[in-house]
Amino acid sequence: MTTQAEHDGDDESGADDHFFAASLREFPWPWAASAAVATFVVEYLLVAALFVLGPSSVDRSVPIINSTIAVLVQYAHILFNAHFVWIVQAATVPNVQIPEPFSNDLWLALLSGGAATHPLVYFLLPVVSLVIAGAVFERNRDSPATGRFTEAGLVGAGFTVGYLAVGILGSVTLVQRVPINGSDGFLTQQPDLYFTAIMFLVFPMLFATLGAALAYDRDQASSSH
């Protein structure tokens, strides 16, 4: 026999499921993904500004970054390093010794010291950018009816879609090549795909979500007065 209380509990559970499903349907996924891509572009421009306008510089005597395009790609590699993504170096011909197949220039600069711009500036750049972007996105939402954690989670998930897509695209296209003397092969370096898939998922889920949660709190506090 089913009691009335059990029926009431089923009704409440069904209402909650319907409410959550409606939140998923109504959330502006394309806008959140686009905002994430825009955030990554802003981060790249800030990294470039630290080199072009700021104190940092690129050693263009290094063969693999001896052109303007290669320098622009190097800025992107630094941004991937700031997300704790390793840069993978490999040779397209056998029997070529690579002293450091995996590298992170920011970690090396942090350990060795002497960098014109402190590496922590670069490490904090994507963190701060995503928190601000998540907060701005949430503040521009039309009074969401979801709870704080649900709303913040949706924002983080929406940002992850765009952020992960641009990260994976960058990891397979931002490749630097330099010919190996005496052979037809190349030495290549590019962001590690597996690290990119992990970190470009973790960063927006953590920091865009945090920004949205903080903005949601402020919205609720202002609306209660």
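The rules behind the values
- Throughout, residues of each chain are indexed from 1 in the direction in which the sequence is written.
- Predicted model: local features are reported for residues with pLDDT of at least 70 only, side-chain atom pairs are reported and counted for 80 or more only, and whole-chain, interface and lining totals are derived from all residues.
- Water and hydrogen atoms play no part in the side-chain values, which are based on all heavy atoms of the structure.
- A run of H or I in DSSP counts as a helix once it spans at least four residues, and a run of E counts as a strand once it spans at least two, with each numbered from the N terminus.
- Burial status follows relative accessibility: with a 1.4 Å probe on protein chains alone, a residue under 20% of its type maximum counts as buried, one over 50% as exposed, and anything between as partly exposed.
- Contact between two residues is taken to exist if any of their heavy atoms lie within 4.5 Å; hydrogens are not considered.
- When DSSP finds two or more bridges between a pair of strands, those strands are recorded as paired.
- Axis lines are fitted to C-alpha atoms, over the contacting stretch for helices. Their N-to-C directions set the angle, which ranges from 0 to 180 degrees.

**Q** For this particular structure, what's the right way to read the overall build of the protein chain?
**A** Looking only at helices and strands, one finds seven helices and four strands in the protein chain. Traced from its N-terminal end to its C-terminal end, the protein chain shows the element sequence α-α-α-β-β-α-α-α-β-β-α. The buried share among the 225 residues of the protein chain stands at 40%. For the protein chain, restricting intrachain contacts to residue pairs at least 6 apart in sequence, the fraction spanning at least 24 positions comes to 73%.

**Q** Sorry, what's going on with the sheet that holds strand S3 (residues 176-179) here?
**A** To summarise the sheet geometry, strands pair through backbone hydrogen bonds and adopt either a parallel or an antiparallel arrangement. Spatially, four strands are ordered S2-S1-S4-S3 in an open sheet, and the strand pairing comes out antiparallel. Of all strands in the sheet, those with a lone pairing partner are strand S2 (102-103) and S3, marking the two edges. The sheet strands contacting helix H3 (residues 68-82) are strand S1 (87-91), S2, S3 and strand S4 (186-191), and the helix crosses S4 at an angle near 45 degrees.

**Q** For this particular structure, what's the right way to read the side chain of Asn-81?
**A** You can see Asn-81 is positioned in helix H3. Given the relative accessible area of 1%, Asn-81 is considered buried. If near-sequence neighbours (up to four positions away) are discounted, Asn-81 is found in contact with Ile-87, Ser-103, Asn-104, Asp-105, Leu-106 and Phe-123.

**Q** In this structure, what is going on with unusual backbone geometry? I would like to understand it.
**A** In most cases, non-glycine residues show a negative phi, while peptide bonds are predominantly trans. Backbone geometry places Phe-84, a non-glycine residue, at a positive phi of 65 degrees. Note on placement: Phe-84 falls in the loop between H3 and S1.

**Q** Which parts of the structure should I look at to understand the pairing of S1?
**A** The side chains of a regular strand alternate between both faces of the sheet. In terms of strand pairing, S1 meets S2 through two bridges, oriented antiparallel. Across the sheet, Ile-87 pairs through a bridge with Ser-103, a residue of S2. Strand direction decides the pairing type here: S1 and S4, joined by five bridges, are antiparallel. Following the sheet pairing, Ala-91 is matched in S4 by Leu-187.

Purely geometric numbers; function is a separate question.
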